[in-house]
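Coordinates in review
What follows is the residue order along each chain.
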Amino acid sequence: METDWPLIAVRLALYLALSGLFGLSAFSLYGLHAGERSNALPLRPWLVGSGLAALLLSGIALALLAAAMAGAPAWPIDREAIGVLLTGTATGTAWEARMGALGLASVVALIAAGRAVPLGLIAIAGGIALATLAWTGHGAMDEGVRGWVHLLADILHLLAAGAWVGALLGLTLLVTRPADRIDIAHLRLTHRALHGFGLVGTIVVGAIVVTGLLNSWLLIGMGNLPNLPFTLYGQLLLAKLALFGVMLGLASLNRFRLTPAIERSIATGDHRGALGALRRSLAIETTCAVTVLALVAWLGTLEPPASAM
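First, a word on what this report is: a plain description of the structure on this page. Model, not experiment: these values are computed from the prediction. (Residues numbered from 1 in each chain as written. Predicted model: local features only at pLDDT ≥ 70, side-chain atom pairs only at ≥ 80, totals over all residues. Heavy atoms only, no water.)

**Topic: the overall build of the protein chain**
The secondary structure content of the protein chain amounts to 10 helices and zero strands. Overall, the protein chain shows an N-to-C arrangement of helices and strands of α-α-α-α-α-α-α-α-α-α. Taking 2.2 N^0.38 as the reference for a compact globule, 309 residues should give roughly 19 Å; the C-alpha atoms of the protein chain span a radius of gyration of 20 Å, in line with that estimate. Dimensions of the protein chain, computed from C-alpha atoms along their principal axes, come out at roughly 60 × 50 × 35 Å. Looking at the protein chain residue by residue over its 309 residues, the buried ones come to 50%. Pairs at least 24 residues apart make up 78% of the contacts formed inside the protein chain by residues separated by at least 6 positions. Total accessible area computed for the protein chain in this model is approximately 14,800 Å², and 69% of it derives from carbon and sulfur atoms. In the protein chain, 18 positive and 15 negative side-chain charges are present, and the distance between their average locations comes to 15 Å. (Helix = DSSP H or I, 4+ residues; strand = E, 2+ residues; numbered from the N terminus. Rg over C-alpha atoms; globule rule 2.2 N^0.38 Å. Buried < 20%, exposed > 50% of the residue type's maximum accessible area, 1.4 Å probe, protein only. Contact = heavy atoms within 4.5 Å. Areas by Shrake-Rupley, 256 points an atom, 1.4 Å probe, with all protein chains shown as cover. Lys, Arg positive; Asp, Glu negative; His and termini not counted. Charge placed at Lys NZ, Arg CZ, Asp CG, Glu CD.)

**Structural notes on helix 6 (residues 116-131)**
Compared with an ideal rise of 1.5 Å per residue, which puts 16 residues at 22 Å, helix 6 spans 22 Å between its outermost C-alpha atoms and is within 8% of the ideal. Listing the buried residues of helix 6 in full gives P118, L119, G120, I122, A123, A125, G126, G127, A129, L130 and A131. Tucked into the core, helix 6 has its buried residues touching helix 1 (5-31), helix 2 (37-40), helix 3 (43-70), helix 5 (90-112) and helix 7 (144-175). (Expected span 1.5 Å × (residues − 1).)

**Quick look at the environment of G114**
Positionally, G114 belongs in the loop between helix 5 and helix 6. Once the C-alpha coordinates of G114 and G35 are considered, the two residues, 79 residues apart in sequence, prove to be 8.0 Å apart.

**A word on the packing of aromatic side chains**
Inspection of the entire model under this criterion finds three aromatic pairs. Between F27 and Y30 the ring centres are 5.8 Å apart and the planes differ by 85 degrees, which places this aromatic pair in the edge-to-face class. Of this pair, F27 and Y30 both sit in helix 1, three residues apart, which is roughly one turn of the helix. (Phe/Tyr/Trp six-rings, centres within 6.5 Å; stacked < 30°, edge-to-face > 60°.)

**A few points about the nonpolar core**
Counting residues in hydrophobic clusters, the biggest one holds 84 residues, and the most contacted among them are L18, L41, L47, I122, W164, L171 and L174. Put simply, the parts of the chain that give this core at least two residues each are helix 1, helix 3, helix 5, helix 6, helix 7, helix 8 (184-220), helix 9 (232-268) and helix 10 (272-299). Broken down by element, this core gets its largest block of residues, 14 residues, from helix 7. Those residues in contact with I122 that lie beyond four places of it in its chain are L21, S25, L47, A105, V108 and A109. Core analysis: the second largest hydrophobic core is formed by eight residues, L62, A81, I82 and L85 among them. (Core = buried A, V, L, I, M, F, W, Y, C linked by side-chain atoms within 4.5 Å.)

**Overview of helix 3**
Along its 28 residues, helix 3 runs 40 Å from first to last C-alpha, staying within 8% of the 40 Å computed at 1.5 Å per residue. With its phi angle positive at about 70 degrees, G71 sits one or two positions after the end of helix 3.

**Quick look at the packing of helix 7 against helix 9**
Interaxial distance between helix 7 and helix 9 falls to 14 Å at its minimum, and their mutual angle equals 50 degrees. Relative to helix 9, helix 7 is oriented oblique. The two elements helix 7 and helix 9 cross, and the hand of that crossing is left-handed. For the pair formed by helix 7 and helix 9, the contact residues are H157, W164 and L168 on the first element and K240, F244, M247, L248 and A251 on the second. In the contact of helix 7 with helix 9, the residues fall into six nonpolar, one polar and one charged. (Axes fitted to C-alpha atoms, helices over the stretch in contact; angles between N-to-C directions. Parallel < 35°, antiparallel > 145°, perpendicular 65-115°, else oblique. Left-handed = near helix turned anticlockwise from the far one by under 90°. Nonpolar A, V, L, I, M, F, W, Y, C, P; charged D, E, K, R; others polar.)

**Quick notes on the side chain of S19**
Checked against the element boundaries, S19 lands in helix 1. Residue classification places S19 among the buried positions, given a relative accessible area of 4%. Side-chain polar atoms of S19 contact the backbone oxygen of Y15, separated by 2.7 Å. (Polar contact = N/O pair within 3.5 Å; in protein donor to acceptor, adjacent residues only side chain to side chain.)

**Side note on the packing of helix 9 against helix 10**
Contact geometry for helix 9 and helix 10: axes closest at 9 Å, N-to-C directions at 160 degrees. Between helix 9 and helix 10, the angle is such that the two are roughly antiparallel. Judged by the twist between their axes, the crossing of helix 9 over helix 10 is left-handed. Looking at the contact of helix 9 with helix 10 residue by residue, the class counts come to 28 nonpolar, four polar and two charged.

In structure tokens form, the structure reads like this:
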């Protein structure tokens, strides 16, 4: 099967936009206090931008998916295929729900991005929009009880991954603030946000591991494990797992070494070294996260081993 690079690229961009919308709004709620959110982070441009980008990308993704399902070229747009997809499938219903959620989140973010209640509404709407991606992937390929279990696992996996990616965005925005705007108060806020993500991160990692194992069992099957390294699907999956392991190591480094180093730097008044090390670690972790999402976008276009049995 020929690789559909445009669809993979749009899926990746959509993962990033929706993760940014959901994860950054959630991070702002649990990681920052009321009254400091708008000053600490440029929430309005990031949340509004993520919402609008996700709306545009969802439209493009719908056209590409309809063309792929109809076996037609992406251009000119096949309006009949899009109509069939929207009116006759669960994928179309999920797409409509996503567009509604994104419209709501974008408007609320534009009006009141930094306040707790609007942020909560944005996070809920962003979470709904992110969860609808489960209907465009392998999570919707099964039926009956197995189908609902698979779909729920996929949704939880998406939300946990989105929370992690959004938190990485928030932390990166905090530590890359211009030097003339970094004072003791901002360092204390950054340390508290890092410490706060430690507990949330543990829950997120646990959810990713459990749902990932369940999804792997449903998509691969025990009998296909020996042949996994010899298929493109298996190679991409193993690469994803390796990068996830690197992210776990970096997250542990951030939590147990670099976060305490920030606390010590506040006491000594010399924060450049600790902040620089944290920036480098977050940059590598974010690069790994984006690569993992790219692999996920690619894997979603391939036939999993279990479906070939």
